[in-house]
Amino acid sequence: MHSLIRPNAWVGLKLPSGSTKIIQIVPDTTISLGKYGAFPANLVLGRPYHLTFEVLDKTPEEAFSRLRIVPASELHAEVIAEEDEAEGKTTAEDRDVNAVLTATEGEEFSLVDEQGNIVARSGREVIDDSAIQKLTHDEIEELKREGNNAGKDVIAKLMLSHTALDQKTTFSLAKYKLLKTKKYIRRFQVIPIDVATFAQWQLEEKDASKIMDMRAEMFGLVGCWGNVHYGGEDSMIDDPHSRTDQGEETCIPIQPDELKGRWLVVDDTCGMLVAAMAERMGVLYPKEEEGEDATVAEQAPAREAKQDVKTDAQTHNGTAQENGDVDMVAVVPETTVPERPKMTTNKKQKVRPRGSDFAIPFSQTNTLTVIHSTSQPNLSLLNYWNFDITAPNHPPHPLLNHLLNLTWLQLLKPELDTSYSTEPPTASAEELASWKPSRRGNFHRKRRRFARTRYIVDSTRAGNFSGLVCASSMDPISILKHTLPLLAGGAPVAIYSPSIEPLAALADCFSVPRRTAWTSGNVPETVGKSLEELERWEGNEQFPLNPTLLQGVSIQTSRARRWQVLPMRTHPLMTERGGADGYVFTAWRAKPAEGRVEARGKFKKIQPSSSKKAAKIDGEGTPAETPATGEEEDSATVGKRKRADTLPPLDTEGTPAPENAATGDVASPTKKRKVDGEAKVEEV
C-alpha cells in the first residue's frame, strides 16, 4: 500500500459525522463534501495518508477554498488538558474546555437578555437563568452560509447561547460539544482504502446485498478458517519460444509438483471476497518502486503552483504560517483546464519484452482461481484497487499474474468449451507478413487466449489446492461435489452463507451416522470402486456427498458490536444496522485410507496372576481334567467359567469371606461358591 496520495487513486474521506466518503482523486478537479464545503483535488495529491485537513473560508479575491493541516496538538487538545490536569501541571480553572471551539483571536461573543444587557461573554461567566436564546434557525443558517472560521464560530455562539449550560454534567457537556462539532466543523481525514473500510462503507452507504451482507469481521473469519496467507515467491513457467507455424504441441505441460500455495474461490460478492483474500496474500496493492513516492511528493508543489497566486493571497499565506497554520495554495482553473503535469522519473522506464504467443503470464504459486458461471467473472469492486479484469492492456498490477478464472463448464467438461477444445491457428512467417495489421492482431490474440485457457483449465483440474473459500448463493452441496476432489489433504474449507439452513444441510452430509453407514458397506453403489472413483462419486439421495472426505465439520458466526461504556449506562449502541448475521461452515479435507486400518506397534499382553487362576473340580472334589488338545469347550462352559472368575469370593456358608486388614487377602485358603447350581472351588 502506498504511503502518499497518488493521482487517480481511490481514497476514503472520513467526515466529522463519522461517515466515510470514497472518491477518486482525479487531478485538476474539484472535490465536493456537501455541507462541509469543496476544495481542489490537487491540494491533497502527494500528501501522506491519515492527515486531517480543515476547509478554510473563501477570501473575496479567490473563488476556491484553501486547506489547512490540523496539527495533532489541536486535535487532541481535550485529552492533553485532562492529562495535564491529572499530573498537576494545570488546574480546572486554567483549563479552557472550549479551546478548539472558541472564536478567532481578537473576537468576542456575548449573550444578552431581552433588554440588551450582556449577561455572558466568552470569558466563561455564569449564564443567568433569565437569559433567552437569541440565535434563531434563520440566523444559524446565515452563519453557516457565511462560513466563518471553518464552522468554529457557529459552535462557539451556540455554546454561549445555551441557557442551561452550567447545569449540564461533565459527560452531558462533552456530548453536547461533540454533537455540535460533528454538525458544523469543516474537517476531514484522508485514509487509504482497505478491505475493512470498504466493506463498512458498502454496508452503510451503498447496497449491502451486493456483498451478501458480509461485514468486515466475517471477511476476517473466512480468511482465518480458510488459512489464506502468502503462498511463497513467484514461480513462472519458461517461455517455450514457439513459432507461429507451431500448434499446441509446443505448450509446456503442467507440473503438479510446482503448483503450491493456491486457493480455490467461488465469489458472488462482486470481487469483495477476492480482494480480502488478495490482501492477505500480498497481491492486492501494487508494489512501491524505489524513489516513486519521493517523485510524487516532489511533483505536489508543481501542481499547486500552476496558477499564479495574487499578492494578497501570498500575504495571507505568510500571515497564516506565522500564526501556526499550514495553508495550501489551491489550483482551480478559471476559464481553461490546465495541462495535467506529467509523471517524470530520473530513471528510464523498463520495457518488458513480449514473449511468444504460448508464454504463460501466470505464477505457479500464491494464486487465486475463481470459478464462475458466466462468460466473465463479476469482479467489479476490484476497480477500487485499480484492477479491471476486462481491460485488454492493463497496466502492471500484482493480480495480473496471480488471479485466474474459469467457468464451471471448463472445469467439468472442458471438451465442450470452444476456447479450450479449438486448436490454435497457425501460419508461416511469410503468410503472416502479408496480412493486414488487424488480422495479425486477431491471430496472435487467439493463440494467446488458447494458451492461457489451456493452462488455467489443466492446472485447476490437476488439483492440489491449499484451500477452498466460498461466498455464493449456489447450493453448497453442489459446489463441494465438484471442488472437494481438487483439494489437497488437510486443506481447509470455509463457506459463507447469510442464512444457516444451507450450511446445516451441508453439515448433515458429513454427520457421524452417515459416516458410520458409509464405512460399514451399506451403500451398494460404492462396492468395488477405487478411492479416486469414490472421491468423484456423484452421490445419491441418502448420500449426496462422500461423508469421509471432510473432518471437523462445524458452523459458527461472529459479530462485533460497539458498546457505550459508562457507569450504570453500559449497553450496545442502538444505531447499529441490522441485516443478516451470516454463518461460516468450516472443515478440513481428509484422504481416506484404502483397505482395513490396522494398529501397529509393540503391545505387552497382561497375564493373569497365579492367585486368580481357578481349576475346575468334579463332584467328588478332585480337580477336573482340562479339555484335551484339539478339543474345544462349548460356549456355555466358557461363559460359566468367566462369570465365576468375576464374582466376589464367598466362604462355605455363602457369605463373603473375611479379609486380612493388613494385607487385604482372604483368610480362608479355599473358597466355595455356587454358579448356576454347580459347586465351584477356587484355590488361593
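Keep in mind that this is a model prediction, so the values were computed, not measured.

### Observations regarding unusual backbone geometry
Here's step 1: Positive phi, close to 60 degrees, is recorded for Met212, a residue that is not glycine.
Here's step 2: The class of Met212 is buried, set by a relative accessible area of 10%.
Here's step 3: At His241, a residue that is not glycine, the phi angle is positive and equals roughly 55 degrees.
Here's step 4: By relative accessible area, which is 64% here, His241 ends up exposed.

### Let's talk about the pattern of salt bridges
Here's step 1: Across all of its chains, the model carries 15 salt bridges by this definition.
Here's step 2: We note a salt bridge from Glu217 to Arg215, for which the minimum N-O separation is 2.7 Å.
Here's step 3: Take Glu217: its relative accessible area is 23%, and that puts it in the partly exposed class.
Here's step 4: A salt bridge links Asp357 to Arg447; its shortest N-O distance comes to 2.9 Å. Pair noted here: Asp357 is in the loop between strand 11 (327-328) and strand 12 (365-372) and Arg447 is in helix 15 (residues 437-461), with a separation of 90 residues, a long-range link.
Here's step 5: Judged by relative accessible area, which is 0%, Arg447 ranks as buried.
Here's step 6: Overlapping salt bridges, with partners in common, bring together Glu54, Arg68, Glu74 and Arg187 in one network.

### Here's the deal with the confidence of the model for the chain
Here's step 1: Scored by pLDDT, the chain has a mean of 76; 65% of the residues are at 70 or more.
Here's step 2: Between residues 96-113, whose pLDDT stays under 50, and residues either more than four places distant or in other chains, the model counts 57 contacts.
Here's step 3: Note that residues 611-632 has pLDDT below 50 and, in this model, 19 contacts with residues that lie over four places away or in other chains.

### Examining the nonpolar core
A general trend in soluble globular proteins is that nonpolar side chains are found buried together.
Here's step 1: Membership of the largest hydrophobic core comes to 44 residues, with the highest contact counts inside it found for Met272, Leu368, Trp385 and Leu403.
Here's step 2: Every element with two or more residues in this core is listed here: helix 6 (195-204), helix 7 (216-225), strand 10 (260-267), helix 8 (272-281), strand 12, strand 14 (467-471) and strand 15 (492-497).
Here's step 3: Ranked by residue count, the leading element in this core is helix 8, at 8 residues.
Here's step 4: For Met272, the residues in contact, after removing those within four places along its chain, are Val195, Phe198, Ala199, Ile211, Phe219, Asp267, Leu381 and Trp385.

### Structural notes on the environment of Ser473
Here's step 1: Looking at where Ser473 falls in the secondary structure, it is placed in the loop between strand 14 and helix 16 (476-483).
Here's step 2: Between the alpha carbons of Ser473 and Met212 there is a distance of 8.6 Å; along the sequence they are 261 residues apart.
Here's step 3: The contacts of Ser473, once residues within four sequence positions are left out, are Met212 and Asp268.

### As for the pairing of strand 19 (residues 583-589)
Here's step 1: Most of strand 19 sits out of view: 5 of its 7 residues are buried.
Here's step 2: Relative to strand 19, strand 15 runs antiparallel, the two sharing 6 bridges. Considered in strand 19, the bridge of Ala494 is made with Thr586.

### Some words on the side chain of Asn546
Here's step 1: On the secondary structure map, Asn546 appears in the loop between helix 19 (531-535) and strand 16 (550-556).
Here's step 2: Among the polar contacts made by the side chain of Asn546, one reaches the side chain of Trp518 at a distance of 3.5 Å.
Here's step 3: A polar side-chain atom of Asn546 sits 3.3 Å from the main-chain carbonyl oxygen of Leu534.
Here's step 4: Not counting chain neighbours up to four residues away, the residues in contact with Asn546 comprise Phe510, Trp518, Leu534 and Glu535.

### Quick notes on the pairing of strand 15
For a regular strand, side-chain orientation follows a simple rule: the groups alternate between the two sheet faces.
Here's step 1: In terms of burial, strand 15 is largely enclosed, as 6 of its 6 residues are buried.
Here's step 2: Along strand 15, one buried face is formed by Pro492, Ala494 and Tyr496 and the opposite face, lined by Val493, Ile495 and Ser497, is buried too.
Here's step 3: Handedness of the crossover joining strand 14 and strand 15 through helix 16 is recorded here as right-handed.

### What to know about a positive patch on the surface
Here's step 1: A cluster of basic residues, Arg445, Lys446, Arg449 and Arg452, forms a positive patch at the surface.
Here's step 2: For Arg445, the location among the structural elements is in helix 15.
Here's step 3: Looking at Arg445, the relative accessible area reads 46%, which means it is partly exposed.

### Remarks on the environment of Asn401
Here's step 1: Along the chain, Asn401 falls in helix 11 (residues 399-402).
Here's step 2: Owing to a relative accessible area of 24%, Asn401 belongs among the partly exposed residues under this scheme.
Here's step 3: Distance in space between the C-alpha atoms of Asn401 and Pro361 is 6.0 Å, their sequence separation being 40 residues.
Here's step 4: Residues within four places of Asn401 in sequence aside, it is in contact with Pro361, Phe362, Ser363 and Thr367.

### Notes on the environment of Ala196
Here's step 1: Tracing the backbone shows Ala196 in helix 6.
Here's step 2: For Ala196, a relative accessible area of 42% translates into the label partly exposed.
Here's step 3: Sequence separation between Ala196 and Phe219 is 23 residues; the distance between their C-alpha atoms is 8.3 Å.

### A word on the sheet that holds strand 15
Here's step 1: Pairing in this open sheet of 7 strands is mixed, and the strands run 13-12-10-14-15-19-16 from one edge to the other. Each edge of the sheet is formed by a strand with only one pairing partner; in this case those strands are strand 13 (403-407) and strand 16. Going across the sheet, the axis of each strand differs from the next one's by a mean of 15 degrees, ignoring polarity.
Here's step 2: In this sheet, strand 19 lies alongside strand 16 in antiparallel orientation, the contact comprising 5 bridges. Looking at strand 19, one finds that Ser554 is bridged to Thr586.
Here's step 3: Lying on the sheet, helix 7 is in contact with strand 14, strand 15, strand 16 and strand 19; it crosses strand 19 at an angle near 10 degrees.
Here's step 4: Across the face of the sheet, helix 15 comes into contact with strand 10, strand 12 and strand 13 while running at roughly 85 degrees to strand 13.

Scoring rules and cut-offs
- Residues numbered from 1 in each chain as written.
- Predicted model: local features only at pLDDT ≥ 70, side-chain atom pairs only at ≥ 80, totals over all residues.
- Heavy atoms only, no water.
- Buried < 20%, exposed > 50% of the residue type's maximum accessible area, 1.4 Å probe, protein only.
- Salt bridge = Lys/Arg side-chain N within 4 Å of Asp/Glu carboxyl O.
- Helix = DSSP H or I, 4+ residues; strand = E, 2+ residues; numbered from the N terminus.
- pLDDT = per-residue confidence, 0-100.
- Contact = heavy atoms within 4.5 Å.
- Core = buried A, V, L, I, M, F, W, Y, C linked by side-chain atoms within 4.5 Å.
- Pairing = 2+ DSSP bridges.
- Polar contact = N/O pair within 3.5 Å; in protein donor to acceptor, adjacent residues only side chain to side chain.
- Right-handed = clockwise from strand over helix to strand, strands pointing away.
- Patch = residues over 30% accessible without salt bridge, like charges linked within 9 Å, V, L, I, M, F, W, Y side chains within 5 Å.
- Areas by Shrake-Rupley, 256 points an atom, 1.4 Å probe, with all protein chains shown as cover.
- Lys, Arg positive; Asp, Glu negative; His and termini not counted.
- Charge placed at Lys NZ, Arg CZ, Asp CG, Glu CD.
- Axes fitted to C-alpha atoms, helices over the stretch in contact; angles between N-to-C directions.

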